[in-house]
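Structure assessment
For reference, the chains in residue letters:
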Amino acid sequence: MAKFIFVTGGVVSSLGKGITAASLAKLLQSRGLSVTCLKCDPYINVDPGTMNPYQHGEVFVTEDGAETDLDLGHYERFLNVEMHHINNFTAGKIYETIIAKERRGEFLGTTVQVIPHITDEIKHRFRLVTKGMDVVIVEIGGTVGDIESLPFLEAARQMGMEAGRDNALFVHVTLVPYLKASEELKTKPTQHSVGKLREIGINPDIIVCRTELPLPGELRNKIALFCSVPREAVIEAPDAATIYEVPLIFHRQGLDEQVLMLLRLRATGRDFSEWMDVVHRITHPEREVTIALAGKYTELKDAYKSVHEALSHGGLAHKTRVQIRYLDVRSPDLEKTLEGVHGIVVPGGFGDRGIDGKIQVVRYAREHQVPFLGLCLGMQIAVIEFARNVLKLSGAHSTEFDSKTRYPVIDLLAEQKQVQELGATMRLGSYPCVLKKGSLAQKVYGTANISERHRHRYELNNKFRKLLEEAGLLVTGTYVSKNLPEVVELDGHPWFLAVQFHPEFKSRPQHPHPLFAGIVGAALERSRNPGERRNPIYAR
Ligand code: GLN
């Protein structure tokens, strides 16, 4: 049976519990163990698919088509393994399961309660991911003290009891704030949140302290004393130059050794070289390019977490730091904000806010020959822009934004028109795609057969395909069994690719995704040869 490590958070949210869990997992993986992660989210939504990315950050899509918490993206990127729908569940999902069982009469005669029914279901889901694993790291969302996370903490406590002392471990991530006025770091919030955890019956074994400044020795002692852990179990988590450095910071403080000792695990390896190489490449770039990201949610960077990471991985392939310029697509002076960028990405999205600005951005990329990558909605926008400005189909649109357009270049398939519910009813997860021989897409991927993750309802309308292709917007990737266009590229443009899927979910620091490595390469090319260029064919 796998051993469990539960990661809880105290004091405030956004402490980086996900990065802590992923980093600890990476450390143990580097010690030769098989490790996976599981994220529990205490909200009532059945999955984050219907939530606003402003509040919750990006929705991460797994190979098997689950819409999950963005922390699963960290797990995949750190561990270089695939997560599945069982690696994330919410309170809503647990209640949905229990209520459905109750309706089917599976609890006949009993009063259905949080303890034991809800907690049993949570424990059942903890166990689902243990197959073939030495260690499962369970990250419990929310902050200790919240009403919502109580059933999860109770389930973790029970699981700890059942597994026994050497088989479960509790890591508590807290904040040690710095008070400017008195110029000191404060441990009281940590003491209080550990107190709260103890009230529920959980004694943390390791305390990870998020801090802006180094923790002095006496503070470490104080936290150890008040929280009843050995001094070496107080781990400092300073703001790092890159999130990928966190596993190494933990390793230097002996975190992996302690976990191995506490769980009585024998390490079979000790290889951090690949990871050190990643960190070295991130922190020692030789060049720099600026890439504009033209999305709707640019105030909250978490909304485009995977795109952000994938762009920086793309940079690693060229020893290049990618400066991301988050554009406000509603800005009246959009063209001005694009000046000097070496590449443009239009990411995925829903809803019509900012669509006109995005169309303008694609037009700029097309006419000024700026390397361009369109992702999902970004691809649909590229088609709309081309239809309007090159084919002169005035008012061409996606029926998502204008259901009565004369030129529905992006439309729902008949099967999607029947769908009534919005949760988990899109084209989701991994689909194969065949790339056209000799296309830019095939050159960039280095193969003709690819498979990428999807999360969308609308598709390029095949009725317009011939018209688009004749004018130079070529369909170079297709989901063959349904004849759905998946990739378009612009003839005569140095680097213009737009895809109906989300390649960003599959990029890893050790294996930058070809499309992101590709656009950074093209952006570098442009940075070497700046100067105004206009595409003679399309700039009319
Ligand atoms: N809103 C578009 C659709 O549903 C694009 C979705 C996306 O970009 N993920 O098809």
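Presented here is a report on the structure given in the accompanying data block.

What counts, and at which threshold
- Residues numbered from 1 in each chain as written.
- Predicted model: local features only at pLDDT ≥ 70, side-chain atom pairs only at ≥ 80, totals over all residues.
- Heavy atoms only, no water.
- Disulfide = S-S within 2.5 Å.
- Buried < 20%, exposed > 50% of the residue type's maximum accessible area, 1.4 Å probe, protein only.
- Helix = DSSP H or I, 4+ residues; strand = E, 2+ residues; numbered from the N terminus.
- Near = heavy atom within 4 Å.
- Polar contact = N/O pair within 3.5 Å; in protein donor to acceptor, adjacent residues only side chain to side chain.
- Nonpolar A, V, L, I, M, F, W, Y, C, P; charged D, E, K, R; others polar.
- Pairing = 2+ DSSP bridges.
- Axes fitted to C-alpha atoms, helices over the stretch in contact; angles between N-to-C directions.
- Contact = heavy atoms within 4.5 Å.

Note on terminology: disulfide describes a covalent bond linking the sulfur atoms of two cysteines. Summed over all chains, the structure comprises zero disulfides. Cys209 provides the cysteine sulfur closest to Cys227, a residue in no disulfide bond, and the two sulfurs are 7.7 Å apart. Here Cys227 falls in the buried class, since its relative accessible area comes to 2%.

This brings us to unusual backbone geometry. Of note, the bond from Ile115 into Pro116 is cis; its omega dihedral lies within 30 degrees of zero at 15°. Considering the arrangement of structural elements, one finds Pro116 in helix 5 (residues 114–128). Positive phi outside glycine occurs at Ser228, with the angle close to 60°. Take Ser228: it is sitting in the loop between helix 8 (217–227) and strand 11 (234–238). The phi dihedral of Arg264 is positive, around 50°, even though this residue is not glycine. Structurally, Arg264 is set in the loop between helix 10 (255–262) and helix 11 (273–283).

Taken together, Gly348, Gly349, Phe350, Cys376, Leu377, Gln380, Glu400, Arg455, His456, Arg457, Tyr458 and His502 make up the full set of residues adjacent to the ligand. Within the backbone of Tyr458, one N or O atom sits 2.8 Å away from an oxygen atom of the ligand. A distance of 3.1 Å separates a nitrogen atom of the ligand from a polar side-chain atom of His502. Broken down by secondary-structure element, the contributors of at least two residues to the shell around the ligand are helix 15 (377–389) and strand 19 (449–456). Its residues assigned to classes, the shell around the ligand comprises four nonpolar, five polar and three charged.

Across the sheet, which stays open at both edges, the nine strands sit in the order 13-12-14-15-23-22-21-18-19 with mixed pairing between neighbours. At either end of the open sheet lies a strand with only one pairing partner, and these are strand 13 (320–328) and strand 19. Ignoring which end each strand starts from, the neighbouring axes of this sheet average 25° apart. Of the pairings in the sheet, the one linking strand 21 (residues 473–479) to strand 22 (residues 484–490) comprises six bridges and is antiparallel in character. Residue pairing for strand 22: Leu474 is matched across the bridge by Glu489. Along the sheet, helix 12 (residues 305–316) makes contact with strand 12 (287–295), strand 13, strand 14 (343–346) and strand 15 (372–375), crossing strand 13 at roughly 150°.

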